[in-house]
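Overview (structure and organization)
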Amino acid sequence: MEIRPASDRSLLVSFGDEISIEAHGQVRALVHALGESAAGILNLHPAFASVLIDFDPRRVSHQEMEALVRERMAAAPEAAGGETRTVEIPVSYGGGCGPDLESVAHHTGLTPARVVELHASASYLVYFLGFSPGFPYLGGLPVELATPRLAAPRKRVPAGSVAIGGSQTGIYPMESPGGWQIIGRTELRLFDPGADPPALLRMGDRVRFTPL
């Protein structure tokens, strides 16, 4: 675990520089350990192998926050991080819902049907939410489906779009610009400001895609 100042009011806690289940477990443990009434913390920003901690410098110093992180991590159980759920996402693949399915098939040398079969056969891990509210960064895409992002991002990607970007897959929770390859769409609402919690998915969830 490496801890260093990121600004005059934040610390960056890193668990290596690679995407791995082990690093993700450490990220979850730290978020869980600090997420319950830790004095002075304003926000936590988890990523693949790090957590950015924003804090109130009027209440706590960098040294005090670092000491709190080390104390909480030393006391955290190995399985810390909260409940793990499996969430099924129904998806309409191809056609108007997945305009890039044919391009992904061409790039991978597979048939569109085989792309769908492989994409829906995997169990995906929600590493964290980011980019836009409720957007899940999912690990576990079959290596055969890795496809580069679009050369020119779209100005408007419909809400619910299921897409591939490099070696990852994700779901756009709301209409936004985006450069990932769109292969399908779900009618599930991934982010609802009026719900509690507003995001359908959370870090540590497992996701399965079900073709319609």
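Predicted, not measured: the structure shown is a model, and the values here were computed from it. (Residues numbered from 1 in each chain as written. Predicted model: local features only at pLDDT ≥ 70, side-chain atom pairs only at ≥ 80, totals over all residues. Heavy atoms only, no water.)

Moving on, we come to unusual backbone geometry. At the junction of Asp196 and Pro197, the peptide bond is cis and its omega measures out at 0° in the coordinates. Assignment of secondary structure puts Pro197 in the loop between β12 (181–185) and β13 (206–211). The backbone phi angle of Phe131 is positive, close to 70°, even though this residue is not glycine. If you trace the backbone, Phe131 turns up in the loop between β6 (124–129) and β7 (136–139). (Helix = DSSP H or I, 4+ residues; strand = E, 2+ residues; numbered from the N terminus.)

This part covers the pairing of strand β4 (residues 50–55). As judged from the five bridges shared by strand β2 (residues 10–14) and β4, these two strands associate in the antiparallel manner. Across the sheet, residue Leu11 finds its bridge partner in β4, namely Ile53. Examined bridge by bridge, strand β3 (residues 41–46) and β4 share five bridges and lie antiparallel to one another. Bridge pairing in β4 links Pro46 to Val51. Counted along the chain from β3 to the antiparallel partner β4, the turn is three residues long. (Pairing = 2+ DSSP bridges.)

Next up on the list: helix α2 (residues 62–75). The terminal C-alpha atoms of α2, which comprises 14 residues, lie 20 Å apart, in line with the 20 Å expected from a rise of 1.5 Å per residue. Listed as buried for α2 are His62, Met65, Leu68, Val69 and Met73. Relative to the axis of α2, the buried residues are bounded by an arc of 125° and lie together on one face. Among the exposed residues of α2, those oriented more than 90 degrees off its buried face are Gln63, Glu71, Ala74 and Ala75. Structurally, α2 contributes buried residues whose contacts are with β1 (2–7), β2, α1 (21–34), β3 and β4. (Expected span 1.5 Å × (residues − 1). Buried < 20%, exposed > 50% of the residue type's maximum accessible area, 1.4 Å probe, protein only. Arc of directions from axis to C-beta. Contact = heavy atoms within 4.5 Å.)

What follows deals with the packing of helix α3 (residues 101–108) against helix α4 (residues 112–121). At a closest axis distance of 8 Å, the pairing of α3 and α4 adopts a crossing angle of 95°. Comparing the axis directions of α3 and α4 gives the class roughly perpendicular. Of the residues in α4, those in contact with Leu101, Glu102, Val104, Ala105 and Thr108 of α3 are Pro112, Val115 and Val116. Classifying every residue of the contact of α3 with α4 by side-chain character gives six nonpolar, one polar and one charged. (Axes fitted to C-alpha atoms, helices over the stretch in contact; angles between N-to-C directions. Parallel < 35°, antiparallel > 145°, perpendicular 65-115°, else oblique. Nonpolar A, V, L, I, M, F, W, Y, C, P; charged D, E, K, R; others polar.)

The next thing to look at is the sheet that holds β1. With antiparallel pairing, the four strands of this open sheet are ordered in space as β1-β2-β4-β3. Whereas interior strands pair on both sides, the edge strands pair on one side only; in this sheet they are β1 and β3. Here the strands of the sheet are splayed against their neighbours by 20° on average, with no regard to which way each runs.

What follows is about the pattern of salt bridges. In this structure the tally under the stated criterion is nine salt bridges. Across the pair Glu66 and Arg70 runs a salt bridge, and its minimum N-O distance is 3.2 Å. Placement of the pair is Glu66 and Arg70 together in helix α2, with a separation of four residues, close to one helical turn. Under the relative-accessibility criterion, Arg70 is labelled partly exposed at 38%. Measuring nitrogen to oxygen at the nearest pair gives 3.1 Å for the salt bridge that ties Glu175 to Arg156. Taken together, the residues span a long stretch of sequence, with Glu175 in the loop between β10 (168–171) and β11 (176–178) and Arg156 in strand β8 (residues 154–157) at a distance of 19 residues. By relative accessible area, which is 47% here, Glu175 ends up partly exposed. Taken together, the shared-partner salt bridges connect Arg85, Arg202 and Asp205 into one network. (Salt bridge = Lys/Arg side-chain N within 4 Å of Asp/Glu carboxyl O.)

In this section: the packing of aromatic side chains. Enumeration over the complete set of coordinates arrives at 11 aromatic pairs. Judged by centre distance (6.1 Å) and plane angle (80°), the ring pair of Phe48 and Tyr137 falls under edge-to-face. Of this pair, Phe48 sits in the loop between β3 and β4 while Tyr137 sits in strand β7, and the two are 89 residues apart along the sequence. Both residues of the pair, Phe48 and Tyr137, count as buried. A centroid spacing of 4.7 Å and a plane angle of 10° characterise the contact between Phe128 and Tyr137, whose relative ring orientation is stacked. Classification of Phe128 as buried rests on a relative accessible area of 10%. Among the aromatic residues, those joined into a cluster by ring pairs are Phe48, Tyr127, Phe128, Phe131, Phe135, Tyr137, Tyr172 and Trp180. (Phe/Tyr/Trp six-rings, centres within 6.5 Å; stacked < 30°, edge-to-face > 60°.)

Just geometry here; none of it tells us what the structure is for.
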